[in-house]
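One-letter residues, chain by chain:
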Amino acid sequence: MSPLDFLLEPLGYDFMLRALATSVTAAIVCAVLSCWLVLIGWSLMGDAVSHAVLPGVVLAYVVGAPFALGAIVFGFLAVGLIGVVRNTSRIKEDAAIGIVFTTLFALGIVLISVIPSQTDLNHIIFGNLLGVSWADLAQVIILGVVTLGVLLAKRRDFTLYAFDATHAHAIGLNPKVLGATLLGLLALTSVVALQAVGVVLVVALLIIPGATAYLLTDRFSRMLVIAPVLSALAAVTGLYLSYYLDTASGGMIVLVNGVVFALVYLFSPRHGVIGKRINSQRRRRMLAAS
Amino acid sequence: MNGGGDTSQQRGGGAAASAPAISVQNVTVNYGTVRALENVTFSLAAGRVCGLIGMNGSGKSTLFKAITGMLRPDHGSVTINGGSPALARKAGVVGYVPQSEEVDWAFPISVRDVVMMGRYGHMGFSRRPKSADRAAVAEALERVELTDLADRQIGQLSGGQKKRAFVARGIAQGATILLLDEPFAGVDKRSEATITTLLRQLAADGATVLVSTHDLNALPKLADDAILLMRTVLLQSTPTEVLKPQNLARAFGLDVSRAGDDE
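Rules of the game
Residues numbered from 1 in each chain as written. Chains lettered and ligands numbered in written order. Predicted model: local features only at pLDDT ≥ 70, side-chain atom pairs only at ≥ 80, totals over all residues. Helix = DSSP H or I, 4+ residues; strand = E, 2+ residues; numbered from the N terminus. Rg over C-alpha atoms; globule rule 2.2 N^0.38 Å. Buried ≥ 20, exposed ≤ 12 C-beta atoms within 10 Å, placed from the backbone. Contact = placed C-beta atoms within 7 Å. Axes fitted to C-alpha atoms, helices over the stretch in contact; angles between N-to-C directions. Parallel < 35°, antiparallel > 145°, perpendicular 65-115°, else oblique. Left-handed = near helix turned anticlockwise from the far one by under 90°. Pairing = 2+ DSSP bridges. Right-handed = clockwise from strand over helix to strand, strands pointing away. Nonpolar A, V, L, I, M, F, W, Y, C, P; charged D, E, K, R; others polar. Expected span 1.5 Å × (residues − 1).

**Student:** What is the right way to read the overall build of chain A from this model?
**Tutor:** For chain A, the helix and strand inventory stands at 14 helices and zero strands. The helix and strand sequence of chain A, counted from the amino end, reads α-α-α-α-α-α-α-α-α-α-α-α-α-α. Radius of gyration (C-alpha) of chain A: 20 Å, near the 19 Å computed for a compact globule of 290 residues. Taken along its principal axes, the extent of the C-alpha atoms in chain A is 75 × 60 × 35 Å. Counting only residues that meet the buried cut, chain A has 46% of its 290 residues in that class. Long-range pairs, those at least 24 residues apart, make up 70% of the contacts in chain A between residues at least 6 apart in sequence.

**Student:** I'm lost on the packing of helix α5 (residues 159–173) of chain B against helix α6 (residues 189–204) of chain B in this one. Help?
**Tutor:** Describing two packed helices takes the angle between their axes plus the distance from one axis to the other. All names here are of chain B. The interhelical angle for the contact between α5 and α6, taken along N-to-C directions, is 15°, at an axis separation of 9 Å. Relative to α6, the element α5 is oriented roughly parallel. Every pair of crossing elements has a handedness; the one defined by α5 and α6 is right-handed. Touching Gly159, Gly160, Lys163, Arg164 and Val167 of α5 are Ser191, Glu192, Thr194, Ile195 and Leu198, all from α6.

**Student:** What should I look at first to understand the pairing of strand β7 (residues 208–212) of chain B in this one?
**Tutor:** Look at any regular strand and the pattern is simple: side chains alternate between the two faces of the sheet. Residue and element names in this part refer to chain B. With five of its five residues buried, β7 lies for the most part within the structure. Residues of β7 alternate between two faces, with Thr208, Leu210 and Ser212 on one and Val209 and Val211 on the opposite face, all of them buried. Sheet analysis places strand β6 (residues 177–181) next to β7, joined by five bridges and oriented parallel. The partner of leucine 180 across the bridge, within β7, is valine 211. This β-α-β element, β6 to α6 to β7, shows right-handed connectivity.

**Student:** Where do I start with the interface of chain B and chain A in this structure?
**Tutor:** Between chain B and chain A, the contact holds 21 residues from the first and 19 residues from the second. Elements that contribute at least two residues to the side of chain B that touches chain A include exactly α2 (85–90) and β5 (94–97) of chain B. It is β5 of chain B that contributes the most residues to the side of chain B that touches chain A, three residues altogether. Across the side of chain B that touches chain A, the residue classes break down as nine nonpolar, eight polar and four charged.

**Student:** What is the right way to look at the sheet that holds strand β4 (residues 75–80) of chain B in this model?
**Tutor:** The strands making up a sheet are joined through hydrogen bonds of the backbone, oriented either antiparallel or parallel. Residue and element names in this part refer to chain B. Spatially, three strands are ordered β2-β1-β4 in an open sheet, and the strand pairing comes out antiparallel. Taken across any chain shown, the strands that pair with only one partner, and hence form the sheet edges, are β2 (34–44) and β4. For this sheet the average axis-to-axis angle between neighbouring strands, irrespective of direction, equals 20°. Relative to β4, strand β1 (residues 22–31) runs antiparallel, the two being bridged by five bridges. Bridge assignment links glutamine 25 to a residue of β4, and that residue is serine 77.

**Student:** Explain α6 of chain B here, please?
**Tutor:** In an α-helix, one full turn covers 3.6 residues, which means residues spaced three or four apart are oriented alike. All names here are of chain B. Between its first and last C-alpha, α6 extends 22 Å over 16 residues, near the 22 Å set by a 1.5 Å rise per residue. Every buried residue belonging to α6 is among Glu192, Ile195, Thr196, Leu198, Leu199, Arg200, Leu202 and Ala203, and all of these are buried. Residues of α6 that are buried make contact with β3 (49–53), α5, β6, β7 and α7 (219–222). Looking at the residues trailing α6, positive phi occurs at glycine 206, about 115°.

**Student:** How should I be thinking about the packing of helix α11 (residues 199–214) of chain A against helix α13 (residues 249–267) of chain A in this particular structure?
**Tutor:** Residues and elements named next belong to chain A. Viewed as axis vectors pointing N to C, α11 and α13 meet at an angle of 25°, and their least axial separation amounts to 10 Å. Looking at the two axes, α11 sits roughly parallel to α13. Relative to α13, α11 is oriented so that their crossing is left-handed. For the pair formed by α11 and α13, the contact residues are Leu201, Ala204, Ile208, Pro209, Ala211 and Thr212 on the first element and Gly250, Val254, Asn257, Gly258, Val260, Phe261 and Val264 on the second.

As C-alpha cells, this is what we get:
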C-alpha cells in the first residue's frame with residue numbers, strides 16, 4: 001500500500017469524511033478556547049462545564065430543542081451552583097466544583113437510563129465519531145463557526161480579561177460580562193466536541209492544546225495559531241490510527257494529543273524540560289567557541 | 001517646573017477651586033463579617049502625589065478597589081472629578097498599577113502589548129490598534145525608558161521595569177488619576193528613584209497620583225500629602241507630619257487601645 005493510498009482509502013467512505021470534518025472542527029474550536037482557559041486557570045471549570053451540560057443535552061433531546069440551548073442552560077446552572085456552594089458555605093472551590101459537576105453528570109446518566117432509545121444518548125458520553133450524520137455535522141459546523149467567530153472577534157478583550165481583569169474594569173469594560181461570555185462559549189464548545197470525543201473526553205481537547213502551545217511560545221497571538229494547528233493534526237492522526245488499528249476514535253484522538261504534549265513538555269526549546277537544557281548547552285558551546 | 005523637586009511642602013497643586021480629583025465620603029466596606037474599611041473620608045486635589053501608609057490588612061487594597069469601583073462600598077460614596085466612578089472609567093481617566101502578586105508574570109504577552117491594553121478604551125469593537133494607538137504606546141514606552149525592551153515577555157523585566165511598564169500603560173491610556181498599589185515592593189533603590197521622578201513629572205503635568213507604600217524613608221521625596229490608614233483615615237497631612245513617631249505608632253498598631261476598638 002503506497003502512502004497515498006494509506007491516506008486516501010479511508011476517505012472513500014462517507015462516514016469517515018464526516019468523522020474527519022467533525023473532529024477537525026471540534027479540535028480547532030476547543031483548541032482556540034483552551035488558550036484562554038489554561039491562562040485564566042479555568043481547566044477545572046472546563047472539566048465541570050463540559051460534564052454538567054449532559055443533563056441539558058438529554059433534556060433538549062427529549063423536548064426536541066437544540067442541544068446547544070440545553071447545554072448553555074446547564075452550563076450556567078453549574079457555574080452558578082458552584083459559586084453558591086463556594087460563597088455561602090465553608091466548602092472550598094475545588095470541592096464545590098467536584099460536587100456540582102459530578103452530581104449534574106450523574107443526573108444526565110440517570111436521565112439517559114430512563115429515556116427510551118438509549119443507544120443514541122449513550123453516544124453523548126463516549127462520542128460516536130463514526131456515526132455522525134450529515135445533520136449532526138451541520139450542527140457542529142454552525143456552532144463551531146459561531147463560537148470561533150465570537151472568540152476571535154473579541155480575542156483582545158478576552159486576553160485582557162485573562163491577564164488583568166482589574167484594568168479591564170478600570171477602563172470601563174465589564175469583566176463579569178466577559179467572563180460569562182467565555183463560560184457560555186465553553187458550554188457551546190462542549191456541544192461541538194461531545195460529538196467527536198464524548199462528554200468524558202471533551203475536557204482533554206479543552207486543556208491539552210492550549211497547554212502545549214503555552215510551552216512553545218511567549219506570544220499569545222502565536223498560541224492562537226499553534227494550538228488549533230496541533231489540535232487539528234492530532235485529530236486527523238488519531239482518526240487515521242483508529243481506522244487502521246480498529247480502536248476507539250475519540251480515545252485515540254485524545255491519546256495523540258497527550259503524546260504531542262509529552263514531546264513538547266520534554267523538547268520545547270524554551271520551556272521544555274530537556275529542550276531548555278540542550279538549548280543552554282548549545283549557547284554555552286557557541287560562546288566558548290567564539 | 002516642579003517635577004523631581006526635593007522637599008514636599010512648597011509643591012502645590014492647581015485646581016483648588018474645582019471639584020477634587022478623588023473624593024471619598026464615609027466609605028465602609030465589609031467582607032462578610034469582617035470590616036475592611038470604616039467611615040473612610042478624604043479628598044485629593046489634582047496635580048498632587050499622595051502616599052497611602054498603613055500596615056498589611058489596614059485596607060489599602062480594598063480602598064483602591066472602592067475607588068476603581070471594582071468593589072461597591074456598603075456605605076458611603078466615591079466621586080472622581082466630581083462625577084461617578086463609572087463615568088470616570090468610561091472616560092478612561094482611571095489608571096491602575098496592580099500589586100506584583102496580582103500579576104501572572106508568565107503570561108505570554110510582551111511589554112508593548114501590556115502598554116497597548118491602556119488604549120483599549122479608545123478603540124473600537126475588536127480593539128484593533130490604529131496608528132494613533134501605536135504612537136501613544138511608543139511615546140509612553142519612551143517616557144518610562146522601556147523602548148528597547150518593548151518586545152520582551154513581561155516577566156523577563158526586572159522588578160522596577162515591570163512597574164514602569166504598568167505606569168506606561170496608564171500613560172498610554174491618558175489616565176489623569178493613577179492608583180499604584182505597592183509599586184516599590186521588590187524594587188531596587190535606583191528603580192525606585194526612577195519611578196518616583198516619573199510619578200512627580202506626571203503630577204506636574206496635572207495627574208493625581210495615589211501610591212500605597214511601605215517605604216517611609218522615601219515618602220517625603222515622593223509625596224505632597226500622605227494618608228495614614230488603619231481601616232479608617234487616622235490622619236491626612238504632609239509626609240513630615242504623618243511620619244512623626246506618635247502618628248506612625250497609631251497606624252502600625254502600637255497603640256493597642258486604638259487599633260483594636262474598631263468593632
